[in-house]
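# Topology and contacts: notes
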Amino acid sequence: MKKLGLFMLAVLMIGLSSCGGDNANKAKDAANNAVEATKDAAEDAAEATKEAAKEAVDATKEVAKDAAEAAKDAVADVDGKALFLNNGCVACHQVDKKTVGPSIKEIAAAYDGKKEDLIKFLKGEGKAIVDPAQFAVMQPNLATTKKMNDAERAGLADYMLSNK
Ligand code: HEC
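Reading the values: the criteria
- The written sequence of each chain sets the order in which its residues are numbered from 1.
- Local features are withheld for residues below a pLDDT of 70 in this predicted model, meaning they are given only at 70 or higher, and side-chain atom pairs are given and counted only at 80 or more; totals for whole chains, interfaces and linings count all residues.
- Heavy atoms from the whole structure form the basis of all side-chain values; hydrogens and water molecules are not counted.
- Only DSSP runs of H or I reaching four residues or more are called helices, and only runs of E reaching two or more are called strands; each is numbered from the N terminus.
- Buried residues are those whose accessible area, probed at 1.4 Å on protein chains only, stays under 20% of the maximum for their type, while exposed residues exceed 50% and partly exposed ones sit between those limits.
- Polar contact is the term for a pair of N or O atoms within 3.5 Å; when the atoms are in protein, one must be able to donate a hydrogen and the other to accept it, and sequence-neighboring residues count only if both atoms are side-chain atoms.
- Any residue with a heavy atom lying within 4 Å of a molecule or strand is counted as near it.
- Grid points spaced at 1 Å and placed over the protein atoms alone form the basis of the search, with a cavity being a set where a 1.4 Å probe fits but cannot get out and a pocket an open set showing protein on both sides within 12 Å along at least five of seven lines. Lining residues have an atom within 4 Å of a point.
- For a molecule to be placed in a cavity or pocket, more than half of its atoms must lie within 2 Å of the grid points of that cavity or pocket.

To continue, consider the side chain of Ser-103. Take Ser-103: it is sitting in the loop between helix H3 (80-86) and helix H4 (104-110). The class of Ser-103 is buried, set by a relative accessible area of 7%. Only 3.0 Å separates the side chain of Ser-103 from the backbone nitrogen of Glu-106, close enough to count as a polar contact.

Time to look at the site of the ligand. Taken together, 26 residues lie around the ligand, and Cys-89, Cys-92, His-93, Tyr-111 and Met-138 are the ones closest in. Here an oxygen atom of the ligand and a backbone polar atom of Val-130 are 2.8 Å apart. Asp-131 places a main-chain nitrogen or oxygen 3.0 Å from an oxygen atom of the ligand. Comparing atom positions with the cavity grids shows the ligand to sit within the largest cavity.

Structure representation (C-alpha cells):
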C-alpha cells in the first residue's frame, strides 16, 4: 500500500512537472523511486513464492515416504508365513521335520518366549542357538533377513514361533 501511494505520488508529480523545471526533476526522482520500490516488491514476492513452493514439495515428499513405509509395515505385519515361503526359507526348513536345517518347530521351541532374540538373529546380531555347528549353512540367508525392515523380521519371528 505504501508503495502504491508512492507510485501515485510519482504520477502526480509527473503531472505537476509540466509546470516547471525544478518540479520536473523532483517528479522524475519520485518516479524513479516508485519504479525501484515496485521492482523490490516484485523480487520479494518471487522469492516468497519460491520458498513456499519448495516447502510444499518437501512436505509432499515426506507424506509420500510415510505412506510407503506404513504400507510396507502393514503388509509385513499380516504375512510372516508368505515371507518365509517367498524368501526360500522353506527350502531348508519344514514345519515339523528336520531337513537341511532344523524344523520350524525346533526353532520355535528354542526361541520360546525369546522373540526379541529371534529377531536379533534375523538381523545378524544374535548367536545361533539351535544348531551352531551348522550355522555356516544358514548364514548366507541372513543377507536376506538383514535387508528386511523391523516389521518384516517381526512377522517372520511371529510365524516361526506360532509353530509349536
Ligand atoms: C540353505 C539352507 C537354509 C536356508 C535357505 C535357510 N536356512 Fe535357516 N538354517 C539353516 C541351517 C542349516 C540352520 C542351523 C544352523 C543354525 O542354527 O544357525 C538354520 C537355522 C535357522 C534359525 C535358527 C538360528 C539359531 O539360533 O540357531 C533360524 C531362525 C532360521 N534358520 C531362519 C531362516 C529364515 C527366516 C530363512 C529364510 C530367509 C532361512 N532360515 C533360510 C539352513 C537354511
